[in-house]
Amino acid sequence: QVQLVESGGGLVQPGGSLRLSCAASESIGSINAMGWYRQAPGKQRELVARITTGGSTNYADSVKGRFTISRDNAKNTVYLQMNSLKPEDTAVYYCSAGRLRGGFYFPSDYWGQGTQVTVSS
């Protein structure tokens, strides 16, 4: 059973930075992209960023210019560098494995356990 293990969440002041990591226990042959989602209390889960195996990236408008998604294929690891954090970035962040089709990202059944990010002074 493939596992996605996240790390790097925590409490940070507004304007600060955090880096999230998502390590897959093994390669997942059926996927061609990875994504980071977040879910704030009372809100739907939203796709924040995604990256293909070839390195193509896409971001939600709310995080463009502040967040950067990257991957290390040799380590089966995806990262989310979050800079200039705002209180509205507070959420549980989830790593996802999926597929990109027609320009849209479709998550598979493989999800991380979630890591809490809290932006507060």
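Above this text sits the structure in question.
Described below are features of the structure shown in this document.

The rules behind these values
- Residues numbered from 1 in each chain as written.
- Predicted model: local features only at pLDDT ≥ 70, side-chain atom pairs only at ≥ 80, totals over all residues.
- Heavy atoms only, no water.
- Helix = DSSP H or I, 4+ residues; strand = E, 2+ residues; numbered from the N terminus.
- Contact = heavy atoms within 4.5 Å.
- Areas by Shrake-Rupley, 256 points an atom, 1.4 Å probe, with all protein chains shown as cover.
- Pairing = 2+ DSSP bridges.
- Axes fitted to C-alpha atoms, helices over the stretch in contact; angles between N-to-C directions.
- Core = buried A, V, L, I, M, F, W, Y, C linked by side-chain atoms within 4.5 Å.
- Buried < 20%, exposed > 50% of the residue type's maximum accessible area, 1.4 Å probe, protein only.

### So, the overall build of the chain
Okay, so step 1: For the chain, the count of helices and strands is 0 helices and 11 strands.
Okay, so step 2: Based on the C-alpha atoms only, the size of the chain along its principal axes is roughly 40 × 30 × 25 Å.
Okay, so step 3: For the chain, contacts bridging at least 24 residues in sequence account for 56% of all contacts bridging at least 6.
Okay, so step 4: With the model as given, the accessible surface of the chain reaches about 6400 Å², and the carbon-plus-sulfur share is 46%.

### Considerations on the sheet that holds strand S1 (residues 4-7)
Okay, so step 1: Taken in spatial order, the 4 strands of this open sheet run S1-S3-S8-S7, and their pairing is antiparallel. Two strands lie at the open edges of the sheet, namely S1 and strand S7 (67-72), each paired on one side alone. For this sheet, the mean angle separating the axes of adjacent strands, direction not counted, is 15°.
Okay, so step 2: Both S7 and strand S8 (residues 77-82) contribute to a ladder of 6 bridges, which runs antiparallel. Looking at the pairing, phenylalanine 67 lines up with methionine 82 of S8.

### Regarding the nonpolar core
One broad rule of soluble globular proteins: the nonpolar side chains tend to lie buried together.
Okay, so step 1: Core analysis: the largest hydrophobic core is formed by 30 residues, its most contacted members being Met34, Trp36, Leu80, Met82 and Tyr93.
Okay, so step 2: Secondary-structure elements contributing two or more residues to this core are strand S3 (18-24), strand S4 (33-39), strand S5 (46-52), S7, S8, strand S9 (91-101) and strand S11 (115-119).
Okay, so step 3: Ignoring sequence-local partners within four residues, the contact set of methionine 82 consists of Gly16, Ser17, Leu18, Leu20, Arg66, Phe67, Tyr93 and Val117.

### What to know about unusual backbone geometry
Okay, so step 1: In this model, asparagine 76 sits at a positive phi of 50°, which is unusual for a non-glycine residue.
Okay, so step 2: By the element assignment, asparagine 76 lies in the loop between S7 and S8.
Okay, so step 3: Take asparagine 76: its relative accessible area is 26%, and that puts it in the partly exposed class.
Okay, so step 4: The backbone of serine 84 sits at a positive phi, close to 50°, despite the residue not being glycine.
Okay, so step 5: Assignment of secondary structure puts serine 84 in the loop between S8 and S9.
Okay, so step 6: Overall, serine 84 belongs to the partly exposed group, its relative accessible area being 41%.

These results come straight from atomic positions and should not be treated as a statement about function.
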